[in-house]
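# Summary of the model geometry
Now for the letters of each chain:
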Amino acid sequence: MTRLLTDPAEAAALLRDGALVAFPSETVYGLGADAWNGRAVAAVFEAKGRPHFNPLICHFADAESAFAEVVADDRARALAAAFWPGPLTLVLPRRPACRVDLLAGAGLDTLAVRVPAHPVTLAMLRHAARPIAGPSANRSGQVSPTTSAHVLAGLAGRIAAVLEGGDCAVGVESTVLDLTGAGAVMLRPGGVPAAAIEAVIGRIGRPLKLAAADATRSLRSPGMLLSHYAPSLPLRLDAVAVETSEALLAFGPQPLPGAGAMWNLSPGGDLAEAASRLFAGLRWLDAEGQRLGLRGIAAMPVPPEGLGEAIADRLARAAAPRD
Ligand code: TXA
Ligand code: MG
C-alpha cells in the first residue's frame, strides 16, 4: 500500500530508512530516494522501469549542501544565487569525497544537482539532511506527474508513500545545464528559460533541435533523446486544422474548430499557464480520446520562446515514434 503523507518529517524518516517517497516540486513530482544509499537508488530504477544508463538528479535543501558533493565554479555559484530554489539543474563534476551512490549518476564522474522551490519539499530535505535522488515520479517513458493523483496512477503499490504538495506550479521539468566544460550547454530546456540563464552567465550552447525528423533519428541513440512523455494516442504536431476524429491540444484565443475533444493550454496565450497545464492536458486528452474512440491528438503550435521552448521540446518527444 502506498500512503499519502502531509508531514514532511514523516517523509524524511521513511527516506532515511531507505524507502521510496514521491515528493512535490515546482516542476513535477519526483520519486525520492536517499542518494547515499545504493539499495534505495537501485529501487528507484526498478520502480520506474528506468534504464540504468540514464542518471538521476539529486535534490538539496540549499546550495551549500549541494556544493559539498560537487565542484562549483563561479558560473555555478552565480546561477545558484539567481535561480535556487528553482527549476534549474546544474551538471557539475563530483568531488572526490562525493557520497552520492555511483548508480545515481549512472557511473558518470558528473552529478546533476538542484534545490527545488517547494516549501513542503524543502522542509523534507532539511529533515532528511542528505541528498535525495529524484527522477520524475512516473513509469519510464510516460507523462510526468503534476499532481499526487498522477503519481499514484503510475506508481501505487510500487513506492512507500507520496508527500502531498498540491498542483505543480511550473509544470515542466527543470532546465538541465551542463557546466562541466568551458562552455555551458543546455541539455534540456525547462522551467528557467535560456535567455534568463544567458542574462547571468552569457551565451550558452543550445540543445539539439527536436524536430520530428530528429526525434525519429534519436530513437537509435540512447539517453536523453528517446521518446518520452508519451500518451497512448499518437500525437500530431503543429496542427493547422483538426478533424472530429481527433482530440485537440489548443493554445490561445482561437482554438481550431471541430475537434472531438479539446484542452486549451491557455486561452489567453500565456506560456507559463500553458506549461503548468501541459502534462495534465496530455493525460486528460489521452483518457478522453480513448473513451470517445478518437484516433489521435493534434497539437496547435506554441511560440518557441521563453517557456515555449520547453513546451515544444516535450511535445516533440511525446510525438516521437515508439517501438
Ligand atoms: O524538474 C525536474 O528536473 C524533475 C524534478 C523531480 O526535480 N526531475 C526530473 O528528473 O525531471 P528526470 O530523471 O526525469 O530527468 C533528469 C534529466 C535526464 O534527462 C538525465 O539524463 C539528466 O537529467 N541528467 C541527470 N544527471 C545527469 C548528468 N550527470 N549528466 C547529464 N545529464 C544528466
Ligand atoms: Mg522524467
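Provided above is the structure to which this section pertains.
In short, a report on the structure. (Residues numbered from 1 in each chain as written. Chains lettered and ligands numbered in written order. Predicted model: local features only at pLDDT ≥ 70, side-chain atom pairs only at ≥ 80, totals over all residues. Heavy atoms only, no water.)

This part is about the nonpolar core. Judged by nonpolar contacts, the single largest core of 63 residues is most densely connected at Phe67, Trp84, Leu88, Leu90, Val113, Ile159 and Leu177. A per-element tally of this core places helix 2 (residues 38–48) first, with five residues. Residues within four places of Trp84 in sequence aside, it is in contact with Ala63, Ala66, Phe67, Leu79, Leu90, Val113, Arg114 and Val115. In terms of nonpolar packing, the next biggest core, distinct from the first, is built from 29 residues, Phe251, Ile297, Val302 and Leu315 among them. (Core = buried A, V, L, I, M, F, W, Y, C linked by side-chain atoms within 4.5 Å. Buried < 20%, exposed > 50% of the residue type's maximum accessible area, 1.4 Å probe, protein only. Helix = DSSP H or I, 4+ residues; strand = E, 2+ residues; numbered from the N terminus. Contact = heavy atoms within 4.5 Å.)

Before going further, it helps to examine the sheet that holds strand 13 (residues 261–264). Ordered in space as 11-14-12-13, the four strands form an open sheet in which the pairing is parallel. Every other strand in the sheet has two partners, leaving strand 11 (235–236) and strand 13 as the edge strands with one partner each. Pairing geometry for strand 11 and strand 14 (residues 296–299), over two bridges, is parallel. Its bridge partner lying in strand 14, Arg236 is registered against Ala298. On the sheet, helix 9 (residues 271–291) packs against strand 11, strand 12 (246–250), strand 13 and strand 14 and is oriented at approximately 175 degrees with respect to strand 13. (Pairing = 2+ DSSP bridges. Axes fitted to C-alpha atoms, helices over the stretch in contact; angles between N-to-C directions.)

What follows deals with helix 10 (residues 308–319). End to end, helix 10 covers 16 Å across 12 residues, agreeing with the expected 16 Å (1.5 Å per residue, within 8%). The buried fraction of helix 10 amounts to 10 of the 12 residues, a majority that puts the element mostly inside the structure. (Expected span 1.5 Å × (residues − 1).)

What links the strands of a sheet is backbone hydrogen bonding, and the strands pair in either a parallel or an antiparallel sense. Taken in spatial order, the 10 strands line up as 1-8-2-3-7-4-6-5-9-10 in an open sheet, and their pairing is mixed. Bordering the open sheet on either side are strand 1 (3–5) and strand 10 (185–188), each of which pairs with just one other strand. Summarising the sheet, strand 5 (residues 88–93) and strand 9 (residues 175–178) pair through four bridges and their orientation is parallel. Among the inter-strand pairings, Thr89 is bridged to a residue of strand 9, identified as Val176.

Time to look at the pairing of strand 3 (residues 30–34). A large share of strand 3 lies buried, amounting to five of its five residues. Side chains of strand 3 alternate between two faces, with Gly30, Gly32 and Asp34 and Leu31 and Ala33 buried alike. Judged from the three bridges that link them, strand 2 (residues 21–23) and strand 3 form a sheet pairing that is antiparallel. Bridging across to strand 3, Phe23 finds its partner in Gly30. The antiparallel hairpin formed by strand 2 and strand 3 contains six residues in its connecting segment. Sheet topology places strand 3 next to strand 7 (residues 132–133); two bridges connect them, and they run antiparallel. Across the sheet, the residue bridging to Asp34 is Ile132, located in strand 7.

Time to look at the environment of Gln290. Of note, Gln290 is situated in helix 9. Judged by relative accessible area, which is 44%, Gln290 ranks as partly exposed. Excluding residues that lie within four positions of it along the chain, Gln290 makes contacts with Ser232 and Leu233.

Turning next to the side chain of His59. Tracing the backbone shows His59 in strand 4 (residues 57–59). If we skip the residues at most four places from it in the chain, His59 touches Phe23, Arg114, Pro116, Leu125, Arg130, Pro131, Ile132, Ala133 and Gly134.

As a further point, take the state of the cysteines. Under the defined criterion, the tally for this structure stands at zero disulfides. Cysteine Cys58 remains unbridged, with the sulfur of Cys98 as its closest cysteine sulfur at 7.4 Å. The exposure class of Cys58 is buried, given its relative accessible area of 0%. Unpaired in terms of disulfides, Cys168 finds its nearest cysteine sulfur in Cys58, a separation of 19 Å. Of the residues examined, Cys168 reaches a relative accessible area of 5% and is grouped as buried. (Disulfide = S-S within 2.5 Å.)

Taken together, 24 residues sit near ligand 1, with Thr27, Asn54, His59, Ser174 and Arg188 positioned nearest. In the model, a nitrogen atom of ligand 1 is placed 3.0 Å from a nitrogen or oxygen of the Thr110 side chain. One of the side-chain nitrogen or oxygen atoms of Ser136 is found 3.1 Å away from an oxygen atom of ligand 1. Taken by itself ligand 1 offers 670 Å² of open surface, and the protein chains cover 93% of this. The dominant element in the shell around ligand 1, judged by the number of residues it contributes, is strand 6 (residues 110–114), at four residues. (Near = heavy atom within 4 Å. Polar contact = N/O pair within 3.5 Å; in protein donor to acceptor, adjacent residues only side chain to side chain. Areas by Shrake-Rupley, 256 points an atom, 1.4 Å probe, with all protein chains shown as cover.)

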